[in-house]
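# Architecture and fold: a report
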Amino acid sequence: MANLYPRWFNRLPLMAGAGLLLSGALVTAGAWYYLTPKYSRVGYQPVQPVPYSHKTHVDQLGLDCRYCHSAVDKSWYANIPSPSVCMNCHSQVLASDARLAPIRDSFKSGEPVPWVQIHRTPDFVYFNHAVHVNRGVSCVSCHGQINEMVEVRHEKPLTMAFCLDCHRNPAPNLRPPEEVYNLRWTNDPAKQLAMGKKFAHDWKIMSSQNCYTCHR
Amino acid sequence: MRYFLITLLLITAAVVSVAGVRGALSRKPPLEVFPDMKRQPKLRPQKPSAFFADQRDSRLPVAGTVPVDALLSDSPAATGFVPGTTNYAAISPYPMTAEWLERGHQRFTIYCSPCHSAAGDGNGIITKYGLLKAGNFHDPRILKMPDGQLFNTITLGKNQMPSYAAQIPIPDRWAIIAYVRALERTRLGDLNDVPVENRAALR
């Protein structure tokens, strides 16, 4: 009588175990890699109604962020500029350019320009721009190199872990207040740490980790 | 076993090729699995809202409303005029201090220097791209203007000069004027402004 079970059958439990382990490891790795805002948010770059470029306006023309986002150092909300701000210059510069037609239309009609929002925290999170930028935290820390972006891209995950990493240890991200809006500013890491520690001490920075700070 | 490994490899390759890597460009908004608490029916600035007929949740003030922190509407600080007249206030109603001037310098750099240049001579960077020459603050005509008239220009604009009332709050406008006055002084100085003991060094 031939063998009912071939020889390799002896290794079946081992093989099944190894296979399960391997698939389990792959599924875990996939979940770790993909099921996080580091994957789902970072890189989001919607098509905007006007091909407005921060690279042209900030890098080339040297405009300050506050020229357009004028509430960023006064309120929790960094406003998107109204079309009248663009028309300060574009009533003369590129005055009949087709790319700027939506801006001119809304300037005349008073209808808002349909910009697509990119960074968007959940509604149960309380965030505040003014507290950060007035305490030496630059736009780069949370938005990346906006000054080099032709179209704005979601650069940082903006998860709770991201906020807390800095709130636990803000020193590496504190810079002199006059450099907050200068996204090109860099510092040698060793000096930066000493300087950040000094600022945190002098300004009595207490970036809270209490849940009530961000959820109220 | 071999088939199993090959299938696993194929599935992995398929997932990676469809899902891509972290940080890759995406034109579609991030997926939100249980959005019920994340997107509450509350109002946030500059967002659309179905509640209002014009779909805007940032409401325009009703005609005639005055913000609680507004200055008295006929004080020189709010209008740039001597109350009850059409004469421009000669000097700023705010006291001049070092911090005030520093504030003015900062705001001037943000809002005025793109067109008027950091030196205030009207040759800012935008003039290289098609803007007419902006006003030169060292021009005798502007030198003689009362502070109130400068305030009026910032608030309402003049010819090609746009209004900055929406971008610059009233106190900041006066701080900018203080700085413009200081800037004008830089080209009016003569030897008498230099302390006596330093004069020799300039000769």
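Provided above is the structure to which this section pertains.
Below you will find a few notes about this structure. Please read these numbers as outputs of a predicted model, since none were measured by experiment. (Residues numbered from 1 in each chain as written. Chains lettered and ligands numbered in written order. Predicted model: local features only at pLDDT ≥ 70, side-chain atom pairs only at ≥ 80, totals over all residues. Heavy atoms only, no water.)

It is worth spelling out the overall build of chain B at this point. Tallying secondary structure elements over chain B gives eight helices and zero strands in all. Secondary structure elements in chain B, listed N-terminal to C-terminal, are α-α-α-α-α-α-α-α. Over its C-alpha atoms chain B spans a radius of gyration of 28 Å, topping by over 25% the 17 Å that the globule rule assigns to 203 residues. Viewed in the frame of its principal axes, chain B has a C-alpha envelope of about 95 × 55 × 35 Å. The 203 residues of chain B split such that 30% are buried. The contacts in chain B between residues at least 6 apart in sequence include a share of 43% that link residues at least 24 apart. Accessible area of chain B: about 13500 Å², with a carbon and sulfur share of 65%. (Helix = DSSP H or I, 4+ residues; strand = E, 2+ residues; numbered from the N terminus. Rg over C-alpha atoms; globule rule 2.2 N^0.38 Å. Buried < 20%, exposed > 50% of the residue type's maximum accessible area, 1.4 Å probe, protein only. Contact = heavy atoms within 4.5 Å. Areas by Shrake-Rupley, 256 points an atom, 1.4 Å probe, with all protein chains shown as cover.)

Turning our eyes to something else, we now look at the interface of chain A and chain B. With 48 residues of chain A at the interface, the matching set in chain B holds 46 residues. Across the chain A/chain B interface, buried area totals approximately 4400 Å², and carbon plus sulfur atoms make up 54% of it. On the chain A side of the interface with chain B, the three residues burying the most area are Tyr67, Gln92 and Asp123 of chain A, jointly 16% of the side's total. Along the contact surface separating chain A from chain B lie four salt bridges. Top element by residues in the side of chain A that touches chain B is helix H1 (residues 12-34) of chain A. It accounts for eight residues. The residue inventory of the side of chain A that touches chain B, partitioned by class, reads 24 nonpolar, 14 polar and ten charged. (Buried area = accessible area lost by both parts, 1.4 Å probe. Salt bridge = Lys/Arg side-chain N within 4 Å of Asp/Glu carboxyl O. Nonpolar A, V, L, I, M, F, W, Y, C, P; charged D, E, K, R; others polar.)

On to a nonpolar patch on the surface, then. A cluster of nonpolar residues, Leu4, Tyr5, Trp8, Phe9 and Leu12 of chain A, forms a patch on the protein surface that exposes about 540 Å² of accessible area. Given the relative accessible area of 31%, Phe9 of chain A is considered partly exposed. (Patch = residues over 30% accessible without salt bridge, like charges linked within 9 Å, V, L, I, M, F, W, Y side chains within 5 Å.)

All names here are of chain A. Overall, the coordinates contain 18 salt bridges over all chains when judged by the stated rule. A salt bridge links Arg184 to Asp59; its shortest N-O distance comes to 2.8 Å. Placement of the pair is Arg184 in the loop between helix H9 (160-168) and helix H10 (189-202) and Asp59 in helix H3 (residues 54-60), with a sequence separation of 125 residues. Of the residues examined, Asp59 reaches a relative accessible area of 27% and is grouped as partly exposed. Here Asp73 and Lys74 are joined by a salt bridge, their closest N and O atoms 3.8 Å apart. Residue classification places Lys74 among the partly exposed positions, given a relative accessible area of 42%. When salt bridges with common partners are traced through the structure, they connect Lys55, Asp59, Glu148 and Arg184 into a single cluster.

The next subject is unusual backbone geometry. A positive phi is found at Leu94 of chain A, a non-glycine position, where the angle reads about 50 degrees. With respect to the helices and strands, the residue Leu94 of chain A is situated in the loop between helix H5 (83-90) and helix H6 (101-109). Classification of Leu94 of chain A by relative accessible area gives partly exposed; the value is 42%. One non-glycine residue, Asn159 of chain B, adopts positive backbone phi at about 45 degrees. Here Asn159 of chain B is to be found in the loop between helix H6 (147-156) and helix H7 (170-185). When its relative accessible area of 76% is taken as the criterion, Asn159 of chain B is described as exposed.

So, about the nonpolar core. Counting 26 residues, the largest nonpolar core has Tyr67 of chain A together with Phe108, Tyr111, Trp174 and Ile176 of chain B as its most contacted members. Every element with two or more residues in this core is listed here: helix H4 (65-68) of chain A together with helix H3 (98-111), H6 and H7 of chain B. Element by element, the count of residues in this core is highest for H7 of chain B, at nine residues. With sequence-adjacent residues up to four places away left out, Tyr111 of chain B is seen in contact with Arg66, Tyr67 and Ser70 of chain A together with Tyr164, Gln167 and Ile168 of chain B. Counting 13 residues, the second largest nonpolar core, distinct from the first, contains Cys65, Val133, Cys139 and Val140 of chain A. (Core = buried A, V, L, I, M, F, W, Y, C linked by side-chain atoms within 4.5 Å.)

Let us now look at the packing of aromatic side chains. For the structure on display, the rule yields 16 aromatic pairs over all chains. Here the aromatic rings of Trp8 of chain A and Phe9 of chain A are separated by 5.1 Å at their centres, their planes lie at 40 degrees, and the arrangement is tilted. For Trp8 of chain A, a relative accessible area of 41% translates into the label partly exposed. By way of ring pairs, the aromatic residues Trp32, Tyr33, Tyr34 and Tyr39 of chain A are connected into one cluster. Lying over the aromatic face of Trp32 of chain A, Arg22 of chain B brings its terminal NZ or CZ to 4.9 Å of the ring centre. In this structure, Arg59 of chain B packs its charged tip against the face of Phe52 of chain B, placed 3.9 Å from the ring centre. (Phe/Tyr/Trp six-rings, centres within 6.5 Å; stacked < 30°, edge-to-face > 60°. Lys NZ or Arg CZ within 6 Å of the ring centre and 35° of its normal.)

All names here are of chain A. Remark: H5 packs on H6, axes separated minimally by 9 Å, with the N-to-C direction vectors making an angle of 115 degrees. The handedness of the crossing between H5 and H6 comes out as left-handed. When H5 is examined against H6, the residues Pro83, Ser84, Cys86 and Met87 are found in contact with a partner set consisting of Ile103, Arg104, Ser106 and Phe107. (Axes fitted to C-alpha atoms, helices over the stretch in contact; angles between N-to-C directions. Left-handed = near helix turned anticlockwise from the far one by under 90°.)

What follows is about the environment of Leu60 of chain B. Mapped onto the fold, Leu60 of chain B is located in the loop between helix H1 (2-19) and helix H2 (76-79). In this structure, the C-alpha to C-alpha distance between Leu60 of chain B and Leu188 of chain B, residues 128 residues apart in sequence, is 45 Å.

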